[in-house]
Amino acid sequence: MVKDGRGVTVRLVLAVVVVVAAVSWAVLRWWEGAGHGLPGASWGSAVLLAFMAVGIYVAGLPVRRWQQGKATRELSMVRALRTLVLAQAAALTGAMVTGWYAALVLLRLPDVDVASVRADAVHALVLLLAGVLLTAAGMAAQRMCRVDDDRSDREDDDADASR
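What comes next concerns the included structure.

Reading guide: rules and limits
- Residues numbered from 1 in each chain as written.
- Predicted model: local features only at pLDDT ≥ 70, side-chain atom pairs only at ≥ 80, totals over all residues.
- Heavy atoms only, no water.
- 1 Å grid on protein atoms, 1.4 Å probe; cavity = no way out; pocket = protein on both sides within 12 Å on 5 of 7 lines; lining within 4 Å.
- Points joined across faces, edges and corners; volume = space filled by probe spheres on them.
- Nonpolar A, V, L, I, M, F, W, Y, C, P; charged D, E, K, R; others polar.
- Patch = residues over 30% accessible without salt bridge, like charges linked within 9 Å, V, L, I, M, F, W, Y side chains within 5 Å.
- Areas by Shrake-Rupley, 256 points an atom, 1.4 Å probe, with all protein chains shown as cover.
- Salt bridge = Lys/Arg side-chain N within 4 Å of Asp/Glu carboxyl O.
- Lys, Arg positive; Asp, Glu negative; His and termini not counted.
- Charge placed at Lys NZ, Arg CZ, Asp CG, Glu CD.
- Helix = DSSP H or I, 4+ residues; strand = E, 2+ residues; numbered from the N terminus.
- Phe/Tyr/Trp six-rings, centres within 6.5 Å; stacked < 30°, edge-to-face > 60°.
- Buried < 20%, exposed > 50% of the residue type's maximum accessible area, 1.4 Å probe, protein only.
- Contact = heavy atoms within 4.5 Å.

### A closer look at the layout of surface pockets
Thought 1: For the second largest pocket, the calculated volume is near 170 Å³.
Thought 2: Lining the second largest pocket, in full, are Pro-62, Arg-65, Lys-70, Ala-71, Thr-72, Arg-73, Glu-74, Leu-75 and Arg-79.
Thought 3: Of the residues contributing to the lining of the second largest pocket, the split by class is three nonpolar, one polar and five charged.

If you want it as structure tokens, here you go:
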């Protein structure tokens, strides 16, 4: 997902949210119109998404410490690359989760005055927010893995000087 060194952009994340929400809304509306119930949302899923968001953010911290020169141990470049890919995947996954649950919330809104529908809407809203949290954690970890052009130029100069 890295294009021109920019990685996953906010614009791409927003596009994924909108497309997934639109497609999900259409499919779920058709599904409900065919007489089927809408899928439920569980609290466990929200906890899992929040746990994943924290894990991804924490995975990016050693990369940031190494880039700032504060690391006490050497960082494997393979680990840094894996952290970057994980962060980008998390950002896009969070965007898809956000779009899916946004569609569910929108479908529940007309009947939100019914207690059971309101409870389902609240569950879906919490999961929507967990998706936003996962996206934010992925974007933050991706940012931690960014190597600025001036930093990479200095490292090349340092490597040339040591030869």
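Alright, that's what it looks like, and here's the rest.
### Points about a positive patch on the surface
Thought 1: On the surface, a cluster of positive charge is contributed by Arg-64, Arg-65, Lys-70, Arg-73 and Arg-79.
Thought 2: Note that Arg-79 resides in helix H3 (residues 77-108).

### Concerning the packing of aromatic side chains
Thought 1: Considering all chains together, one arrives at one aromatic pair under this definition.
Thought 2: Their ring planes at 55 degrees and their centres at 6.2 Å tell us that Trp-30 and Trp-31 sit as a pair that is tilted.
Thought 3: Of the residues examined, Trp-30 reaches a relative accessible area of 57% and is grouped as exposed.
Thought 4: Judged by its relative accessible area of 35%, Trp-31 falls in the partly exposed class.

### Examining the side chain of Thr-83
Thought 1: Note that Thr-83 resides in helix H3.
Thought 2: A relative accessible area of 8% means that Thr-83 is categorised as buried.
Thought 3: Among residues more than four places away in sequence, those in contact with Thr-83 are Ala-59, Gly-60, Val-63 and Cys-145.

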